[in-house]
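Understanding the architecture of this molecule
Okay, here's what each chain looks like letter by letter:
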Amino acid sequence: MGRIIERSGSREAAPFAAGERPRRTPLAEATQVKILVPGNQPMVALLGERDEFLKLVEAAFDSHILVRGNEITITGEAVEAERVAQLFEEMVGLFQDTI
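Here is a short report on the structure shown in this document. (Residues numbered from 1 in each chain as written. Predicted model: local features only at pLDDT ≥ 70, side-chain atom pairs only at ≥ 80, totals over all residues. Heavy atoms only, no water.)

Notes on a negative patch on the surface
- Taken together, the side chains of E49, D51, E52 and E58 make up a negatively charged region of the molecular surface.
- Tracing the chain through its elements places E49 in the loop between α1 (43-47) and α2 (52-60).
- A residue is classified by how much of its surface remains accessible, and E49, at 52% relative accessible area, is exposed. (Patch = residues over 30% accessible without salt bridge, like charges linked within 9 Å, V, L, I, M, F, W, Y side chains within 5 Å. Areas by Shrake-Rupley, 256 points an atom, 1.4 Å probe, with all protein chains shown as cover. Salt bridge = Lys/Arg side-chain N within 4 Å of Asp/Glu carboxyl O. Lys, Arg positive; Asp, Glu negative; His and termini not counted. Charge placed at Lys NZ, Arg CZ, Asp CG, Glu CD. Helix = DSSP H or I, 4+ residues; strand = E, 2+ residues; numbered from the N terminus. Buried < 20%, exposed > 50% of the residue type's maximum accessible area, 1.4 Å probe, protein only.)

Side note on the environment of L36
- Looking at the element boundaries, L36 is found in strand β2 (residues 30-36).
- Overall, L36 belongs to the partly exposed group, its relative accessible area being 28%.
- For L36 and I72, which are 36 residues apart along the polypeptide, the C-alpha to C-alpha distance reads 6.5 Å.

Side note on unusual backbone geometry
- Of note in the backbone geometry, R50 takes a positive phi value of approximately 55° without being a glycine.
- Relative to the helices and strands, R50 resides in the loop between α1 and α2.

Here we look at the environment of E89
- Mapping E89 onto the fold places it in helix α3 (residues 78-98).
- Residue class for E89 comes out buried when judged on its relative accessible area of 15%.
- For the pair E89 and V37, spaced 52 residues apart in sequence, the C-alpha separation works out to 8.6 Å.

Thoughts on the pairing of strand β3 (residues 64-68)
- The pairing of β3 with strand β4 (residues 71-77) spans five bridges and is antiparallel. Bridging from a neighbouring strand, R68 pairs with E71 of β4.
- Here β3 folds back onto β4, and the loop between the two strands holds two residues, one of which, G69, carries a positive phi near 60°. (Pairing = 2+ DSSP bridges.)

Now the structure itself:
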């Protein structure tokens, strides 16, 4: 489908940004999920103008979400990180159907 998903346990979580709330997941239990968004997918459509959609997802979950280029990295509790990844995968699928 043009996207690569890597799932692996991680002992290090990404550092907190200023004003970010602390995660409940201990570092030893953190899972990292990476999603590679296809190059033809406009990231502004996926994340919203000024990252509006991204901010909504971040507010709804305790996982840390980092976006760099067309890669989305989610770090947090395994079940929640998988849920957030599935949400982004479904959003990518919806947008690919309209492109």
